[in-house]
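So you can see what is in the structure, the chains are spelled out below.
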Amino acid sequence: MLLLLRRLRLFAFLCFLCCCTLELVAMGVPGTSHSCGDGALPPTNLAYFDDMRKLHSNAIVAGVITEGERLAVVLDQTILHPQGGGQPFDTGSIEAVDGTIKFCVTDVRTKSGVVYHYGNYHENRVMEATGFEPGHEVKISVDGARRTLNSRLHSAGHLLDACMSNIGLGSLEPGKGYHFPDGPFVEYKGTIPSSDLENKRDALESEANHLIALGGQVRATVASYSEAAALCGGRLPDYIAKESCPRIICLGENLGCPCGGTHVLAISEIGEIKVSQIRVRKGVTKVYYNLPKSEA
């Protein structure tokens with residue numbers, strides 16, 4: 001009988017803990033998840049696809065997720081760029097429309113179409129406000145200086161792709177790009193003779209700055225596969241699914257390129273490009289560049 005009573009008490013205690021946990025989740029207490037796992041969250045609409053200059057926007061909270069010691073806010077749409085495609089993440093803030101809660105965004109990532117805004121609640125939030133809840137309307141703000149630099153560096157990398165063809169290096173196949181401020185480069189499959197590296201570096205830098213001086217619009221277009229292929233010279237990379245509608249970035253009259261990042265709206269906004277080095281190793285050519293006027 002004593003053993004049975006102990007088991008009943010343990011069962012009642014576990015039921016109490018379970019009820020408390022469910023109640024905390026429903027109340028939106030930080031450190032708990034408001035969703036039934038990542039699979040329950042809908043894909044995030046990438047609002048910066050439509051307007052790469054927009055630094056302020058509204059959204060609806062879809063969930064608040066904890067991953068170990070990290071906290072992430074998921075929204076129905078975002079203007080904050082997640083890290084990827086060779087471009088760094090944006091930083092900024094997510095704030096309740098009534099100003100009671102502010103979440104400082106220090107990292108942005110995407111998983112299976114869902115964008116996670118990592119960061120921390122601002123210490124000056126109203127004490128009664130425990131945190132965001134699903135359905136909460138919020139205001140998004142992007143760090144404008146960081147976004148502008150990232151966009152200029154990304155557009156500069158695309159412009160160098162066009163210049164490679166213009167100076168007779170069109171046979172080299174574009175590979176990955178690294179458009180971070182700490183040492184941006186664009187990579188190509190294929191090589192340049194070592195005796196010609198310095199001449200090609202000079203020619204590439206000269207051609208890039210010539211195109212910047214000429215100017216031209218930078219356009220982002222979401223198109224059908226066939227239309228996208230036409231914008232890119234007749235073919236798309238193998239990783240682009242034929243049933244998809246890729247987003248293509250076109251700089252002026254140059255051929256387009258599939259890209260999900262942010263860019264300047266005019267080529268002239270890139271500013272001066274300095275091609276610091278061309279390095280060839282193991283069948284791969286790397287072109288290192290920077291934007292001198294952006295260096296601190």
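Structure shown above.
Residues numbered from 1 in each chain as written. Predicted model: local features only at pLDDT ≥ 70, side-chain atom pairs only at ≥ 80, totals over all residues. Heavy atoms only, no water.

Chemist: I'd like to hear about the packing of aromatic side chains, residue by residue, with values.
Modeler: For the coordinates displayed, the defined rule picks out 7 aromatic pairs. With centroids separated by 5.3 Å and ring planes inclined at 80°, the aromatic side chains of Phe103 and Tyr121 adopt a geometry described as edge-to-face. With Phe103 in strand 6 (residues 102-111) and Tyr121 in strand 7 (residues 114-121), this residue pair connects regions lying 18 residues apart in the sequence. Exposure class is identical for Phe103 and Tyr121. Each is buried. Plain terms: the ring middles of Tyr116 and Tyr118 are 6.3 Å apart, the flat faces sit at 20° to each other, and that makes the pair stacked. Put simply, the rings of Tyr178, Phe180, Phe185 and Tyr288 pair up and form one aromatic cluster. Directly above the ring of Tyr118 sits Arg70, whose terminal nitrogen or CZ lies 3.9 Å from the centroid. In this structure, Lys111 is placed above the aromatic ring of Tyr116, and the distance from its NZ or CZ to the ring centre is 4.8 Å. (Phe/Tyr/Trp six-rings, centres within 6.5 Å; stacked < 30°, edge-to-face > 60°. Helix = DSSP H or I, 4+ residues; strand = E, 2+ residues; numbered from the N terminus. Buried < 20%, exposed > 50% of the residue type's maximum accessible area, 1.4 Å probe, protein only. Lys NZ or Arg CZ within 6 Å of the ring centre and 35° of its normal.)

Chemist: Explain the environment of Asn150 residue by residue, including any values.
Modeler: Considering the arrangement of structural elements, one finds Asn150 in helix 2 (residues 144-166). For Asn150, a relative accessible area of 2% translates into the label buried. Separated by 111 residues in the primary sequence, Asn150 and Gly261 have C-alpha atoms spaced 9.3 Å apart. Once residues lying within four places of it in the same chain are set aside, the contact partners of Asn150 are Gln87, Pro88, Phe89, Asp90 and Pro181. (Contact = heavy atoms within 4.5 Å.)

Chemist: Any details on helix 2? Residues and values, ideally.
Modeler: When the terminal C-alpha atoms of helix 2 are compared, their 33 Å separation across 23 residues agrees well with the 33 Å that a helix rising 1.5 Å per residue should span. Capping the start of helix 2 is the job of one residue whose side-chain oxygen sits 3.2 Å from the backbone nitrogen of Ala145: Asp143. Of the residues flanking the end of helix 2, it is Gly168, one or two places downstream, whose phi is positive at about 90°. (Expected span 1.5 Å × (residues − 1). Polar contact = N/O pair within 3.5 Å; in protein donor to acceptor, adjacent residues only side chain to side chain.)

Chemist: Just give me the short version of the packing of helix 2 against helix 3 (residues 197-214), but keep the residues and values in it.
Modeler: Following both chains from N to C, one finds helix 2 and helix 3 inclined at 120°, their axes separated by 9 Å at the closest point. On the basis of the axis angle, helix 2 is oblique to helix 3. You can see that helix 2 and helix 3 cross each other, and the crossing is right-handed. Contacts between helix 2 and helix 3 involve Leu159, Leu160, Cys163, Met164 and Asn166 from the first element and Leu204, Glu207, Ala208, Leu211 and Ile212 from the second. (Axes fitted to C-alpha atoms, helices over the stretch in contact; angles between N-to-C directions. Parallel < 35°, antiparallel > 145°, perpendicular 65-115°, else oblique. Left-handed = near helix turned anticlockwise from the far one by under 90°.)

Chemist: Residue-level account of helix 3, with values.
Modeler: Taking 1.5 Å of rise per residue, the 18 residues of helix 3 would be expected to cover 26 Å, and the 26 Å separating its terminal C-alpha atoms lies within 8% of that figure. Residues of helix 3 that are buried: Leu197, Lys200, Arg201, Leu204, Glu205, Glu207, Ala208, Leu211 and Ile212. When helix 3 is viewed along its axis, its buried side chains cluster within an angular range of 165° and face the same direction. Across helix 3 from its buried face, at more than 90 degrees, point the exposed residues Asn199, Ala213 and Leu214. Lining the buried residues of helix 3 we find helix 2, strand 14 (274-281) and strand 15 (284-290). Where helix 3 terminates, the next one or two residues include Gly215, which has phi positive at roughly 80°. (Arc of directions from axis to C-beta.)

All we've got here are geometric facts, nothing functional implied.
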